[in-house]
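Now for the letters of each chain:
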Amino acid sequence: MSEVVKIRGLKSGLQLIFDKDASFDEVQSTLLDKLQTGDKFFIRGTTVFAPKDYFDDEHNEKLKRMFNRHGMLFSTDLKEPKFTQEKPIEPVTKIVEKAKPAYILNRTLRGGQEIRTESSVLIFGNVNPGAQVIAGGSIDIRGACRGTVHAGAFGDENACIVADKLRPMQIRIANIIARPPDNLQKVESAEKASIKNGYIVFEPVIR
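First things first, this report covers the structure right here in the doc. Counting of residues starts from 1 at the beginning of each chain's written sequence and follows it residue by residue. Reporting in this predicted model follows two pLDDT cut-offs: at least 70 for local features of residues, and 80 or more for side-chain atom pairs to be given and counted; totals over whole chains, interfaces and linings ignore these cut-offs and use all residues. The side-chain figures draw on all heavy atoms in the structure; neither hydrogens nor water molecules are used.

1. Observations regarding the overall build of the protein chain
What counts, and what does not: Runs of E in the DSSP output that reach at least two residues are strands. Runs of H or I that reach at least four are helices, and both are numbered from the N terminus. Per-residue and other accessible areas follow the Shrake-Rupley method at a 1.4 Å probe size, with only the shown protein chains counted as cover for residues.
Across its full length, the protein chain holds two helices and 15 strands. Carbon and sulfur atoms make up 48% of the accessible area of the protein chain, which totals about 11,600 Å².

2. A short note on the sheet that holds strand β9 (residues 139-145)
Using the following cut-off: By the convention used here, strands pair only if DSSP detects at least 2 bridges between them. Axis definition: a line fitted to C-alpha atoms, over the contacting stretch in the case of helices. Angles run 0 to 180 degrees between N-to-C directions.
With respect to topology, six strands assemble into an open sheet ordered β5-β7-β9-β11-β14-β15, the strand pairing being mixed. Where the open sheet ends on each side, the last strands, each with one partner, are β5 (103-105) and β15 (199-205). Along the sheet, successive strands turn relative to each other by an average axial angle of 25 degrees, direction set aside. Two elements, β5 and strand β7 (residues 121-123), share three bridges in a ladder whose sense is parallel. When the sheet's bridge partners are listed, Leu105 is paired in β7 with Ile123.

3. Description of helix α1 (residues 24-36)
Think of an α-helix as 3.6 residues a turn; residues three or four steps apart then line up on the same face. So the rule is basically this: To estimate how far a helix should extend, the number of its residues minus one is multiplied by 1.5 Å. Buried means the residue's accessible area, taken with a 1.4 Å probe over protein chains only, is under 20% of the maximum for its type, while exposed means over 50%, and partly exposed covers the values in between. It is the directions from the helix axis to the C-beta atoms that the arc portrays. When checking whether two residues touch, look at their non-hydrogen atoms; a contact exists if any pair is within 4.5 Å.
Compared with the 18 Å implied by 1.5 Å per residue over 13 residues, the 18 Å span of α1 between its first and last C-alpha is a close match. Of the positions making up α1, those classed as buried are Phe24, Val27, Leu31, Lys34 and Leu35. Taken around the axis of α1, the buried residues stretch over an arc of 105 degrees, which confines them to a single face. The exposed set on the far side of α1, more than 90 degrees from its buried face, consists of Asp25 and Gln36. Close packing links the buried residues of α1 with β1 (5-10), β2 (13-18) and α2 (57-69).

4. As for the pattern of salt bridges
The condition is simple: Any Lys or Arg side-chain nitrogen found within 4 Å of a carboxyl oxygen on Asp or Glu counts as a salt bridge.
Scanning all chains against the criterion turns up six salt bridges. With its nearest N and O atoms 2.4 Å apart, the salt bridge here joins Glu114 to Arg116. Relative accessible area serves as the criterion here: at 43%, Glu114 is assigned to the partly exposed category.

5. Things to note about the packing of aromatic side chains
The relative placement of two aromatic rings is captured by the distance of their centres and the angle of their planes. Put simply, the rule reads: Stacked, tilted and edge-to-face pairs are distinguished by plane angle, under 30 degrees for stacked and over 60 for edge-to-face with tilted covering the rest, among Phe, Tyr and Trp rings (Trp via its six-membered ring) whose centres lie within 6.5 Å.
Inspection of every chain in the model, using the stated rule, returns five aromatic pairs. Ring centres of Phe24 and Phe55 lie 5.2 Å apart, and the angle between their planes is 90 degrees; on these two criteria the pair is classed as edge-to-face. With Phe24 in helix α1 and Phe55 in the loop between β3 (47-49) and α2, this residue pair connects regions lying 31 residues apart in the sequence. Neither residue differs from the other here; Phe24 and Phe55 are each classed as buried. Considering the side-chain rings of Tyr54 and Phe55, the 4.7 Å spacing of their centres and the 80 degrees angle between planes classify their relative orientation as edge-to-face. Note on Phe55: relative accessible area 10%, which makes it buried. Put simply, the rings of Phe18, Phe24, Tyr54 and Phe55 touch in pairs and so form one group of aromatic residues.

Below you can see the structure in the form of structure tokens.
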């Protein structure tokens, strides 16, 4: 059976791809279930793009209201080239200009816990699924990363994310969104995510 809704990550947000035989009720029900169960893709403030001519204006308006209620934006106007990651449409409103002392945490972050800081972050512990780290600088995790991590949150594309085991639910650097590839090979060393040529690249690294 075909998947009713597929999700593709873009620099500017998320692109929804509907099965050609899916009805509006099926699409709406599938998306609502993902929103209500906290799907790892759907983070507040993200712009979601739907196919422009798949549904009429009335149905698109219903989808828009549904996403708005969950703190997300909705659009059918995707003008960018259809790569897996695209140029962000929202402007960067703040640039990190001065280095700030790193925020250091000596414990594991569990599901539902969150760190937000303008500086870089050093965590001696794991970042578990459902936990979130948002940093203006880089993120260094001396443990496993399985939560949601966002480095360079104010637009710093030189920021990076390093972990002993880097398997986040979702990863962002500046305004670029990505997920680790499903076929990411197991490595004995730590792993690093950084921006290269406009894309987030995962690679082993020696600390």
